[in-house]
Amino acid sequence: MLKILASWKKLLSLQGLARALRRRGVYLLLLALVFGGSYYLVTNDAVFKKSAVETFTPGGQVALPGEAPAPKEIPAGSTTVPPELQGQMGVHAAPATTAEGDQSRDLPDLALPVTGKLTKGYGFSYAPAFGDYRFHSGVDIEAPAGSEVRAAAAGVVRQVEHSDAWRYRLTVDLDNGYQLVYAHLNSIKVAKGDKIQAGAVLGELGEPGTAEAGTPPHLHLELLKNGSALDPVSALQ
């Protein structure tokens, strides 16, 4: 009888151990499934593979870092936009502005004031310094800092300014109401009232001012007719 009882106790203890092992096995299996599923989601879900910095455009498309987002409204600085270009959204380059009839008849002949490449044209464009679209009233000619900036045409130095926005900025009067504006110079070799010839050294190029920060060194060149901005490209030789 005692042997039978001992056998039953042994059997019951073995069954209890088996049940405990089965319960623990279920728990371990559940834990393995939870951790495995979490790992799969983190490593495979496209949400976790996106860039840390993104800009969403109005159409729902994503602009990658470094790309200019599409404009959402009328660009800032629109008060400086010529009347015929008011209200444009800035996704296209502006056409050359006409001034007092056919401007091509009396446009000054302009030489390239610095050896470099044209990187930004006249019209609406993205401004990294402000993070929006603005009217760009001139052209940018990229060149290394320290490059000599020469007069694109003969004239008289009307104004010399210095600011954080434009560094040295020179305004030169030409004939027939035209003016040239040179900006982002680090140093100058002329003064207000000086008469200069085409090719004369005006100064040296520096780093861009705050108005065009976030761009490589370049000369900002504007062509004005009676105070209205024109596209300088049509006059550059």
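Definitions and limits used
Along each chain, numbering runs from 1 in the same order as the chain's sequence is written. Thresholds applied to this predicted model are a pLDDT of at least 70 for local features of residues and 80 or more for the giving and counting of side-chain atom pairs; totals over whole chains, interfaces and linings are not thresholded and use all residues. To get the side-chain values, take all heavy atoms of the structure and skip hydrogens and water. For helices the rule is a DSSP run of H or I covering at least 4 residues; for strands it is a run of E covering at least 2, with both sets numbered from the N terminus onward. It only takes one pair of heavy atoms within 4.5 Å for two residues to be counted as in contact. The Shrake-Rupley method, run with a 1.4 Å probe sphere, supplies the accessible areas, and residue values consider only the shown protein chains as cover. Confidence per residue, as judged by the predictor, is encoded in pLDDT with a range of 0 to 100. The definition of a nonpolar core used throughout is a set of buried Ala, Val, Leu, Ile, Met, Phe, Trp, Tyr and Cys residues joined through side-chain atoms within 4.5 Å. Three exposure classes are used, based on accessible area relative to the maximum for each residue type with a 1.4 Å probe and protein chains only: buried under 20%, partly exposed in between, and exposed over 50%. Should DSSP find at least two bridges between two strands, the strands are regarded as paired.

A. Representation of the overall build of the protein chain within the structure. Per the secondary structure count, the protein chain includes 1 helix and 14 strands. A fraction of 59% describes how many contacts in the protein chain between residues 6 or more apart in sequence connect residues 24 or more apart. In the form shown here, the protein chain has an accessible surface area of approximately 14400 Å², with 58% of it arising from carbon and sulfur atoms.

B. Examining the confidence of the model for the protein chain more closely. Mean pLDDT over the protein chain: 75, with 58% of residues reaching 70 or higher. Predicted confidence is poor over residues 70-80, with pLDDT under 50, and the contacts of this stretch with residues over four places away or in other chains come to 24 contacts.

C. Main features of the nonpolar core. Core analysis: the largest hydrophobic core is formed by 28 residues, its most contacted members being L110, L180, Y182, L202 and L223. Those elements giving two or more residues to this core turn out to be β6 (139-142), β9 (167-173), β10 (178-188), β12 (201-205) and β13 (218-225). Discounting chain neighbours no more than four positions away, the residues touching L180 are L110, A152, A153, L170, T171, V172, L174, L221, E222 and L223. Grouped together as the second largest cluster of nonpolar side chains are 6 residues, Y122, F124, F135 and L224 included.

D. Local environment of unusual backbone geometry. One non-glycine residue, R167, lies in positive phi territory at about 55 degrees. Within the secondary structure, R167 is located in strand β9. What makes R167 partly exposed here is its relative accessible area of 27%. Residue N226 is not a glycine yet carries a positive backbone phi of 50 degrees. Here N226 shows up in the loop between β13 and β14 (228-230). Judged by its relative accessible area of 49%, N226 is partly exposed.

E. Examining the pairing of strand β8 (residues 155-163) more closely. Pairing analysis gives 2 bridges linking β8 to strand β11 (residues 195-196), with the strands arranged antiparallel. Note that in β11 the partner of V156 across the bridge is K195. Across 7 bridges, the pairing between β8 and β9 is antiparallel. Bridge pairing in β9 links V157 to V172. Two successive antiparallel strands, β8 and β9, enclose a turn made up of 3 residues.

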